[in-house]
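# Secondary and tertiary structure notes
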Amino acid sequence: MKKFVLLPKHGNHNKSIFDAEKVDTWPKNSTDSLPVGSGRNKTIPTPPQDFLGREIDMYNVLNSILENRFVSIVGPTGIGRSSLAAALCDYMNQRRSTMVTIKHIFYIRARQAMRKDFMASVIKPLQAQLHCANIATSLYEGQEKGEIFRSIFNALSDTKALIVFDRIEVLEGSDESQEFPLFLRSLFRETQKTRVLITARKPLGLSSLGGVGERVYNLGPLTFKNTVSLFEILCPHAHTSERRRRLIEHLVSDHTQADLRLSDEGLKETSRDILKRLGEGIPSKTFEVVRE
């Protein structure tokens, strides 16, 4: 608050600037008057409460999405790909009123139980979300695959949308795994403003999908300090703010080590040992350490 200065420094600051009637009670916003993007998109998963250390990754992926139509977040299981995608979509959803290139966000999480059914795992949930957004017709019993595809392409033909296909690796090894790239190729050809973000263990590896290239973002482990911070948030023994502060001070006593990762050459042996014990910067391993 001390950064704001009323000028002139010793002037009369009770003077009215605008000639307007006094408002006794500030009116409450109704849901109808809320700007676009101010409400919670229920299709977007809530980011984890302990999500941290991914600010730079969010910045980089967001810029990639705004500059490219197809972006892949790749990394090993447990690295936090889905958490990053959820946090990023939540961030964009709150700012849709000011984002020129994205007005709709559709979040599809591929389901392991339906890995052998490409339509039920990915396509039909997308169609259902488009219908809920009032830009596509609803599905009906016995509707053919081609009709569903055409309905999706028509709905997105001139729509500024981001479609997220999360955990797409569950389709690997299934008989219909090749249908996903074919669907993306048609989607990019039939639409002009639709963007796609996928999370997977590895890139699709195709040079072009309907004239659109894949921009790959390799998600790495957390830094030393962020790994310790995640551990102290979850650790049942560090149940007060003072204990958590002391824990970080003890484990990250050398501030030159804070932003390093396990693969960095400058990481000292003591810091490397602590980082290995706390999960090597992989969030899911840190959760396991806390449980043990």
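Relevant structure appears above.
Attention in this report is confined to the structure presented alongside it.

### Here's the deal with the environment of Ala 85
By the element assignment, Ala 85 lies in helix α2 (residues 81–93). In this structure Ala 85 comes out as buried when scored by relative accessible area, which is 0%. Along the sequence, Ala 85 and His 250 sit 165 residues apart, while their C-alpha atoms lie 32 Å from each other. For Ala 85, the residues in contact, after removing those within four places along its chain, are Tyr 107, Val 164, Leu 197 and Thr 199.

### Brief notes about the pairing of strand β1 (residues 70–74)
The element β1 is largely enclosed, with a buried count of 5 among its 5 residues. Residues Phe 70, Ser 72 and Val 74 of β1 are buried on one face, and the alternating residues Val 71 and Ile 73, pointing to the opposite face, are buried as well. Judged from the 5 bridges that link them, β1 and strand β4 (residues 195–200) form a sheet pairing that is parallel. Residue pairing for β4: Phe 70 is matched across the bridge by Val 196.

### Concerning the packing of aromatic side chains
By the definition in use, this model includes 8 aromatic pairs. Their ring planes at 70° and their centres at 6.5 Å tell us that Phe 118 and Phe 183 sit as a pair that is edge-to-face. Within this pair, whereas Phe 118 is found in helix α3 (residues 118–132), its partner Phe 183 is found in helix α5 (residues 179–190), the two being separated by 65 residues in sequence. Considered together, Phe 118 and Phe 183 belong to a single accessibility category, that of buried residues.

### Observations regarding the environment of Asn 93
By the element assignment, Asn 93 lies in helix α2. What makes Asn 93 buried here is its relative accessible area of 1%. Residues Asn 93 and Ser 253 lie 160 residues apart in sequence; the distance between their C-alpha atoms is 38 Å.

Cut-offs and rules
- Per chain, residues are indexed from 1 in the order of the written sequence.
- Only residues with pLDDT of at least 70 get local features here, since the model is predicted, and only at 80 or more are side-chain atom pairs given and counted; chain-wide, interface and lining totals rely on the full set of residues.
- Based on all heavy atoms of the structure, the side-chain values leave hydrogens and waters out of the count.
- Working definition: helices are DSSP H or I runs of at least four residues, strands are E runs of at least two. Numbering for both runs from the N terminus.
- Three labels apply to residues, based on accessible area from a 1.4 Å probe with only protein chains included: buried if under 20% of the type maximum, exposed if over 50%, partly exposed otherwise in between.
- Any pair of residues with heavy atoms lying within 4.5 Å of one another is described as a contacting pair.
- When DSSP locates at least two bridges between a pair of strands, those strands are taken to pair.
- Stacked, tilted and edge-to-face are the three classes assigned to paired rings of Phe, Tyr and Trp, where Trp is represented by its six-membered ring and a pair needs centres within 6.5 Å; plane angles under 30 degrees give stacked, over 60 edge-to-face, the rest tilted.

Taken by themselves, the reported measurements are silent on function.
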